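Examining the three-dimensional arrangement
Chain residues, written in single-letter form:
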Amino acid sequence: MSSVFALVPARGGSTGIIQKNIQPLLDQPLLAYTLNAAHGSGVVDAVYVSSDDDQILAMAHYYGAERIKRDHHLARDDSPLDPVVGEFIHRIKPAGKDIVILLQPTSPLRTAKHIVEALAEYRDFPCCRGLISVYEISNQYRRAYVGGNEFLQLLAGEHAGLMHREALPSLYMPNDAIAIFKVDDFLREESIPHSHLIPYLMSETESLKIHTEDDIKRAEAYLRNQVQQ
């Protein structure tokens with residue numbers, strides 16, 4: 001059976017909150033929520049943290065994760081994620097059929113239960129190339145127009161403006177909490193698959209991403225409420 005690796009990309013720099021990935025969130029650093037979810041899922045064979053920052057790597061070790069010291073040129077504000085995944089695969093050398101679960105540390109409300117369910121859905125669709133977590137948004141945006149040229153153009157094509165809202169297909173927004181794919185599917189183009197994807201649906205609240213101090217306050221309020229229930 002294929003092995004399952006969780007990869008958590010956690011660089012040291014941040015344009016919003018300084019050392020965001022290890023900022024306190026209630027009684028734990030932000031990174032810990034993702035590592036605890038991965039370990040707690042029971043479906044992951046090994047958890048890896050990729051970082052250019054020694055303090056983050058030390059914290060990853062404390063929470064039971066394997067560490068990959070990321071090259072600094074892959075840790076800039078504008079660094080894409082594909083080379084980070086590629087670096088992980090070429091260093092660890094997993095088998096082609098092994099599965100990578102990419103978990104962003106800025107999604108602290110994604111739980112072990114979400115990871116278990118997402119992996120089960122992925123395995124139920126062997127013809128897909130990947131799974132991404134999403135939340136549903138209003139399908140009325142299908143009738144939106146795009147500017148920038150001489151004339152407006154319908155975002156979803158010329159027939160979308162004629163359809164009733166009830167007839168419009170569902171729209172989903174990626175939340176970056178979970179992405180799942182096989183090593184072979186990544187290596188095909190050295191990129192995370194962007195076609196033949198299936199969704200794992202989360203709520204908009206659970207999809208919260210930490211970018212600002214206000215986001216931390218919102219996450220803490222949610223977590224406190226969960227404890228009280």
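Residues numbered from 1 in each chain as written. Predicted model: local features only at pLDDT ≥ 70, side-chain atom pairs only at ≥ 80, totals over all residues. Heavy atoms only, no water.

**Focus: the packing of aromatic side chains**
- Under the counting rule described, the total for this entry stands at five aromatic pairs.
- Each ring, one from Phe5 and one from Tyr48, has its centre 6.2 Å from the other, and the planes form 55°; the classification is tilted. With Phe5 in strand S1 (residues 4-9) and Tyr48 in strand S4 (residues 46-51), the pair connects residues that are 43 residues apart, well separated along the chain.
- Look at Phe5 and you get buried, because its relative accessible area is 12%.
- What links up through ring pairs into an aromatic cluster is the set Phe5, Tyr48 and Phe88. (Phe/Tyr/Trp six-rings, centres within 6.5 Å; stacked < 30°, edge-to-face > 60°. Helix = DSSP H or I, 4+ residues; strand = E, 2+ residues; numbered from the N terminus. Buried < 20%, exposed > 50% of the residue type's maximum accessible area, 1.4 Å probe, protein only.)

**A few points about helix H1 (residues 30-41)**
- With twelve residues, H1 ought to run about 16 Å at 1.5 Å a step, and its terminal C-alpha atoms sit 18 Å apart, in line with that.
- For H1, a buried count of nine out of twelve residues is recorded, marking the element as mostly surrounded by other parts of the structure.
- Here H1 has its buried residues at Leu30, Leu31, Ala32, Tyr33, Thr34, Leu35, Ala37, Ala38 and Ser41.
- Where H1 ends, the next residue or the one after it, Gly42, has phi of about 75°, a positive value. (Expected span 1.5 Å × (residues − 1).)

**Quick look at the sheet that holds strand S11 (residues 197-201)**
- The seven strands are arranged S5-S4-S1-S6-S10-S7-S11 in an open sheet whose pairing can be described as mixed. Edge positions in the sheet fall to strand S5 (66-69) and S11, since each of these pairs with one other strand and no more. In this sheet, adjacent strand axes meet at a mean angle of 30° when their direction is disregarded.
- Direction of pairing for strand S6 (residues 99-102) relative to strand S10 (residues 171-182): antiparallel, over a ladder of four bridges. Bridged to Val100 within S10 is Phe181.
- Packing of helix H2 (residues 54-62) onto the sheet brings it into contact with S4 and S5, and relative to S5 it is tilted by some 165°. (Pairing = 2+ DSSP bridges. Axes fitted to C-alpha atoms, helices over the stretch in contact; angles between N-to-C directions. Contact = heavy atoms within 4.5 Å.)

**Overview of the nonpolar core**
- By size, the foremost hydrophobic cluster in this structure holds 32 residues, and its most contacted members are Leu35, Ile101, Ile178 and Ile180.
- Looking at this core element by element, the count peaks at five residues for H1.
- The contacts of Ile178, once residues within four sequence positions are left out, are Ile101, Leu102, Leu103, Arg110, His114, Ile115, Ala118, Leu131, Ile132, Ser133 and Tyr200.
- Leu7, Ile68, Phe88 and Phe181 belong to the second largest nonpolar core, which has 15 residues in total. (Core = buried A, V, L, I, M, F, W, Y, C linked by side-chain atoms within 4.5 Å.)

**Some remarks on the pattern of salt bridges**
- Counting across every chain of the model gives eight salt bridges.
- Across the pair Lys97 and Asp184 runs a salt bridge, and its minimum N-O distance is 3.8 Å. Residue Lys97 is found in the loop between helix H3 (82-92) and S6, and its partner Asp184 is found in helix H5 (residues 183-187); the two are separated by 87 residues along the sequence.
- The exposed category is assigned to Lys97, whose relative accessible area is 53%.
- With a relative accessible area of 32%, Asp184 lands in the partly exposed category.
- Lys209 serves as the salt-bridge partner of Asp176, at 2.9 Å between the closest nitrogen and oxygen. (Salt bridge = Lys/Arg side-chain N within 4 Å of Asp/Glu carboxyl O.)

Spatial relationships are all this shows, so hold off on functional conclusions.
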